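# What the coordinates show
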Amino acid sequence: MTTHHPIAIIGGGLGGLTAARVLHANGIEAAVFEREASREARTQGGMLDIHEENGQKALRAADLHDGFLKIIHEGGQALRLLGPDGTVHVAEEDDGTGGRPEVDRGDLRDLLLDSLPDGTVHWGRKVTGVRALDGGRHEVAFADGSTITTDLLIGADGAWSRVRPLLSDAVPAYTGISFVETDLLEAETRHPRSAAVVGGGFFLCLGDERGLLAHKETDGSLHVYTALKADEGWLDTVDFTDLPAAKQAVLARFEGWDDTLRGLIADADTMTPRRIHALPVGHRWDRTPGVTLLGDAAHVMSPFAGEGANLAMYDGAELAAAIAAHPGDTEAALTAYEEALFPRSEASATDSAQSLDTMFGPQGLEQMAAFFTTAPAVL
């Protein structure tokens, strides 16, 4: 059986949910299709800094800014920048005046989910195919055998979007940076040395064209991103099902670093590999009837300008606002949205690429120390 939805959003991440919420706030209903089985299917994890100029604007458009203020992680805007020998180069406390407060990604997603009418999100719907029909309509097929048709298809389905090929041949390319994500659970009691070096906010250690990036989570754990310049296949040489062996393989890349810093790897309770990919800077497409993209589906970039979640939410809010501003004229709405989307995305992707080159260049520590002492933190 095929069901028709006037507006179908593929992907129930922050961007897709924001689009659905702002549409709902304007009296326009949309259906969201998410591959995860339920909202509890996995922990969302990770801290996000939500920026005044985009992410918070999106939350205001969604009438959720007051709720956002209630989930802010107090102290999360603190910053520590260290060198490989453990020397502290920058240390800033969170005085509550910064414009980029930290929240837990899961808490933010819950805020958005709870703001939507029951039944808006269709869980367990993994897309297996998308095709254009006549008149700007599209059909979407799912792994459970169901199909839908829609007048407006919105691809909010991330870096490996199944909707993007309708518009563009571009695919994300490896940036040269690989992450190994680690969690140190119950840090204050089980890993006090690591908790002390990371502090209460954002922690960054750079040197030798590699780095450690970390946050203290709201549940008291430490979430650490070990970042390495590496060949695309390097992660495949490490058996991450063997935690002790994986730790040794990663630690071998940090020979000579301070023992406290190495402890963020050696004492990890979990390890997860992840390659960092990005679409070409300036990615865009020709206006195609009845379909568009937002968030990582439109402009996945490296995380080193801290804009990914913020842009996804802002994209969602701006797209929804354009639809509301052009009742009965979807093509005018999409044209207006994309005309603003493309230069905005290009500027942020340029910043992200430049930040990657700076942070993992030969003078990364010195350049970032100079940056943080002359401008507000952006990560």
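Everything in this summary refers to the structure shown in the same document. Keep in mind that this is a model prediction, so the values were computed, not measured.

## Side note on the pattern of salt bridges
Tallied over the full model, the rule gives 16 salt bridges. In this structure, Arg 109 engages Glu 36 in a salt bridge whose closest nitrogen and oxygen atoms are separated by 3.4 Å. Pair noted here: Arg 109 is in helix H4 (residues 105-114) and Glu 36 is in the loop between strand E2 (31-33) and strand E3 (47-49), with a separation of 73 residues, a long-range link. By relative accessible area, which is 13% here, Glu 36 ends up buried. Here Arg 131 ties to Glu 139 by a salt bridge, and the two come within 2.8 Å at their closest N and O atoms. A relative accessible area of 19% means that Glu 139 is categorised as buried. In the salt-bridge network here, residues are joined through shared partners; they are Arg 39, Asp 110 and Asp 114.

## Focus: the pairing of strand E12 (residues 202-207)
The side chains of a regular strand alternate, residue by residue, between the two faces of the sheet. Counting buried residues in E12 gives six out of six residues, a clear majority hidden from the surface. A two-sided burial pattern is seen for E12, the buried positions comprising Phe 202, Leu 204 and Leu 206 on one face and Phe 203, Cys 205 and Gly 207 on the other. Here E12 runs beside strand E13 (residues 210-216); their pairing, made up of six bridges, is antiparallel. Bridging from a neighbouring strand, Leu 206 pairs with Gly 211 of E13. Hairpin connection between E12 and E13: a loop of two residues separates the two successive antiparallel strands, and Asp 208 in this loop has a positive phi of roughly 55°.

## Some details on the packing of helix H10 (residues 308-325) against helix H11 (residues 330-359)
Viewed as axis vectors pointing N to C, H10 and H11 meet at an angle of 160°, and their least axial separation amounts to 8 Å. Judged by the angle between their axes, H10 and H11 are roughly antiparallel. Seen along the crossing, H10 lies across H11 with a hand that is right-handed. Contacts between H10 and H11 pair Leu 311, Tyr 314, Asp 315, Glu 318, Leu 319, Ala 322 and Ile 323 from the former with Ala 333, Leu 334, Tyr 337, Leu 341, Arg 344 and Ser 348 from the latter. When the residues that make up the contact of H10 with H11 are grouped by side-chain class, the tally is nine nonpolar, one polar and three charged.

## Describing the environment of Gln 248
Secondary-structure assignment places Gln 248 in helix H7 (residues 243-251). By relative accessible area, Gln 248 is classed as exposed at 54%. Gln 248 sits 18 residues away from Ala 266 along the chain, and the two C-alpha atoms are 7.8 Å apart.

## Here's the deal with the packing of helix H1 (residues 14-25) against H4
H4 packs onto H1 with a crossing angle of 25° between their chain directions and a minimal axis gap of 9 Å. Accordingly, the angle class assigned to the pair H1 and H4 is roughly parallel. You can see that H1 and H4 cross each other, and the crossing is left-handed. Residue-level contacts link Leu 14, Leu 17 and Thr 18 of H1 to Arg 105, Leu 108, Arg 109, Leu 112 and Leu 113 of H4.

The rules behind the values
- Residues numbered from 1 in each chain as written.
- Predicted model: local features only at pLDDT ≥ 70, side-chain atom pairs only at ≥ 80, totals over all residues.
- Heavy atoms only, no water.
- Salt bridge = Lys/Arg side-chain N within 4 Å of Asp/Glu carboxyl O.
- Helix = DSSP H or I, 4+ residues; strand = E, 2+ residues; numbered from the N terminus.
- Buried < 20%, exposed > 50% of the residue type's maximum accessible area, 1.4 Å probe, protein only.
- Pairing = 2+ DSSP bridges.
- Axes fitted to C-alpha atoms, helices over the stretch in contact; angles between N-to-C directions.
- Parallel < 35°, antiparallel > 145°, perpendicular 65-115°, else oblique.
- Left-handed = near helix turned anticlockwise from the far one by under 90°.
- Contact = heavy atoms within 4.5 Å.
- Nonpolar A, V, L, I, M, F, W, Y, C, P; charged D, E, K, R; others polar.

In short, shape yes, function no, at least from these values alone.
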